[in-house]
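# Structural overview for review
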Amino acid sequence: MRVLVVDDDLGSRLVAQAAVQALGHECVLASDGQEAWQLYLQWQPEVLLTDRTMPGMDGTQLCRAVRDVENGSYTYAILLSGRDEQADVLSGMESGADTYLTKPLDAFALQAALLAAARVSRLHEELNRARAELMAQAHTDPLTLLRNRLGLADYLEALHSTSQRYGRSYCLALCDIDLFKSYNDTYGHQAGDEALRTVGATLASLVRDSDQVYRYGGEEFLIALPEQEQGGAVQALNRIRKAVQGLRIAHREGGPSGYLTMSIGISEFVPMRSITSAKLLAEADLALYEAKAAGRNKVICAT
Amino acid sequence: MPLSDHDDDPLDRQRLEFLRQLGPADGWGLLPAVVNAFLDDLPVRRAALRDAVRNGGGQPLAEAAHQLKGSAANIGASAVAELCQQLEASDHGAGEATAPELLDRLETELDRAEHALSASLPAS
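## Here's the deal with the overall build of chain A
Each helix and strand in chain A was counted, giving 10 helices and 10 strands. For 303 residues, the compact-globule estimate of 2.2 N^0.38 gives 19 Å, and the C-alpha radius of gyration of chain A, at 29 Å, exceeds that figure by more than 25%. For chain A, the C-alpha atoms occupy an extent of roughly 90 × 45 × 30 Å along the three principal directions. Here chain A holds 303 residues, and 48% of them are scored as buried. Contacts in chain A between residues at least 24 apart in sequence constitute 65% of all its contacts with a sequence separation of at least 6. Counting every atom, chain A has about 14700 Å² of accessible surface; 52% of that belongs to carbon and sulfur.

In structure tokens:
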């Protein structure tokens, strides 16, 4: 583990460092709270071993500062204090210390505390991994393995504000498979699912790395194209539209081509334009309806 | 931490042995570095204590005593640490002795500890 040792007394620092290293851990030293705070931010140690009483930022304040900024990671905090400072120890524990040791530092007590620290640190790692996995699962559509709508609002908000701030365009494209209900009715739901998977994979493979593809609804996909103007978006989406048709997924009731096709509505954010991402989404939806009304298998831009 | 094994020994020999076991495996371990760190800081710490007592104690005395207490305990100067503890508390009216009296006793104890610590180091 990485152990950050904080003490204003050089001799005490040397002892703590040697004891920590003897137990096989990495050690970095700080001689006051401020220095420790900077090192904490840079180094993200698993363990903080800090003197309670120091001039300036003391151990209690340091623990509180660490707990305030922690987000996912966890630093096990050990407070060092004199035998006579029980009241201070409790306030330190309330500020976020996990345990305390009395001074002078004793190697055996330190070893015991670091064993607990290792266990807690491991638990937090597992928790983080599980949390990240669950998060990814929750945001993924199980059928197409594309993103689902869960994180969409956050993403659009971020895209919108970045584009606004830097004066960049972006486009939204709503893509809807034509006559999908009749495809399901004709070929069955399993074939429908397979078609959704294939179309979804096609979309994902044809967009730029910076574009995002979401499964927006039943047979509807949303593609966000950051830093893309309308002209480029129309080209890209036409390529995608043709590729879907080019999959040659037979659909007897699917229109003149006899294959599964897709209609696409595009809206564009132009810098300086006063509009919300929700309004842009509604515009793309309207354009999609126009594409359907105009005979399907078309890309139409919002006006 | 018990006071020294012998009433006349100003140092806690167990603590010194512990310091020798830490760090370099040359038989002296961390002892020389830690003792030298203590001895180097000592004049400044003593001066701070004297100033604080002369100026009537209060928070500066508590802080100076606390600092010396920590480093003294670290190198096993138990009697020094104990007197620092009393000095630190003297501000709250705890204990019978006054700060100047405690400082006198501390000065004596520091001289003894300093001498014993120097004697515990390898001859250079």
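## Notes on the sheet that holds strand 8 (residues 220-226) of chain A
Residue and element names in this part refer to chain A. Pairing in this open sheet of 5 strands is mixed, and the strands run 7-8-6-9-10 from one edge to the other. For this open sheet the edge positions go to strand 7 (212-215) and strand 10 (299-301), each flanked by a neighbour on one side alone. Ignoring strand direction, the axes of neighbouring strands in this sheet form an average angle of 20°. One ladder, built from 4 bridges, connects strand 7 with strand 8; its direction is antiparallel. Paired with Q212 across the bridge in strand 8 is A224. Helix 9 (residues 230-246) rests against strand 6 (170-177), strand 8, strand 9 (262-269) and strand 10 of the sheet, and its axis sits at about 165° to strand 9.

## Description of the nonpolar core
One finds L49 of chain A together with F38, L49 and L106 of chain B to be the most contacted residues of the largest nonpolar core, which totals 57 residues. Looking at this core, the element that brings in the most residues is helix 2 (residues 31-54) of chain B, giving 9 residues. Discounting residues that sit within four places of it in the chain, L106 of chain B has contacts with L49, L68, V80, L83, C84 and L87 of chain B. Judged by nonpolar contacts, the second largest core, of 29 residues, contains L143, A173, I249 and L260 of chain A.

## Describing the interface of chain A and chain B
Many structure descriptions define interface size as the accessible area lost when the parts assemble. With 18 residues of chain A in contact, the opposing surface of chain B contributes 21 residues. Between chain A and chain B, a total of about 1400 Å² is buried, with carbon and sulfur atoms accounting for 61% of that surface. Of all residues in chain A, the largest losses of buried area upon contact with chain B belong to D9, V15 and P104 of chain A, amounting jointly to 32% of the total for that side. For the pair chain A and chain B, the number of links is 1 salt bridge. The salt bridge involving R45 of chain B is made with D9 of chain A; its shortest N-O contact spans 3.5 Å. Among the elements that make up the side of chain A that touches chain B, the one with the highest residue count is helix 1 (residues 10-22) of chain A (7 residues). Class assignment for the residues of the side of chain A that touches chain B results in 9 nonpolar, 3 polar and 6 charged.

## Details of the pattern of salt bridges
Residues and elements named next belong to chain A. Taken as a whole, this structure holds 25 salt bridges over all chains when the rule is applied. Linking D98 and R67 is a salt bridge whose minimum nitrogen-to-oxygen distance equals 2.8 Å. Of this pair, D98 sits in the loop between helix 4 (86-94) and strand 5 (99-102) while R67 sits in helix 3 (residues 59-69), and the two are 31 residues apart along the sequence. In this structure, the salt-bridge partner of K181 is D185, at a minimum N-O distance of 3.1 Å.

The rules we used
- Residues numbered from 1 in each chain as written.
- Chains lettered and ligands numbered in written order.
- Predicted model: local features only at pLDDT ≥ 70, side-chain atom pairs only at ≥ 80, totals over all residues.
- Heavy atoms only, no water.
- Helix = DSSP H or I, 4+ residues; strand = E, 2+ residues; numbered from the N terminus.
- Rg over C-alpha atoms; globule rule 2.2 N^0.38 Å.
- Buried < 20%, exposed > 50% of the residue type's maximum accessible area, 1.4 Å probe, protein only.
- Contact = heavy atoms within 4.5 Å.
- Areas by Shrake-Rupley, 256 points an atom, 1.4 Å probe, with all protein chains shown as cover.
- Pairing = 2+ DSSP bridges.
- Axes fitted to C-alpha atoms, helices over the stretch in contact; angles between N-to-C directions.
- Core = buried A, V, L, I, M, F, W, Y, C linked by side-chain atoms within 4.5 Å.
- Buried area = accessible area lost by both parts, 1.4 Å probe.
- Salt bridge = Lys/Arg side-chain N within 4 Å of Asp/Glu carboxyl O.
- Nonpolar A, V, L, I, M, F, W, Y, C, P; charged D, E, K, R; others polar.

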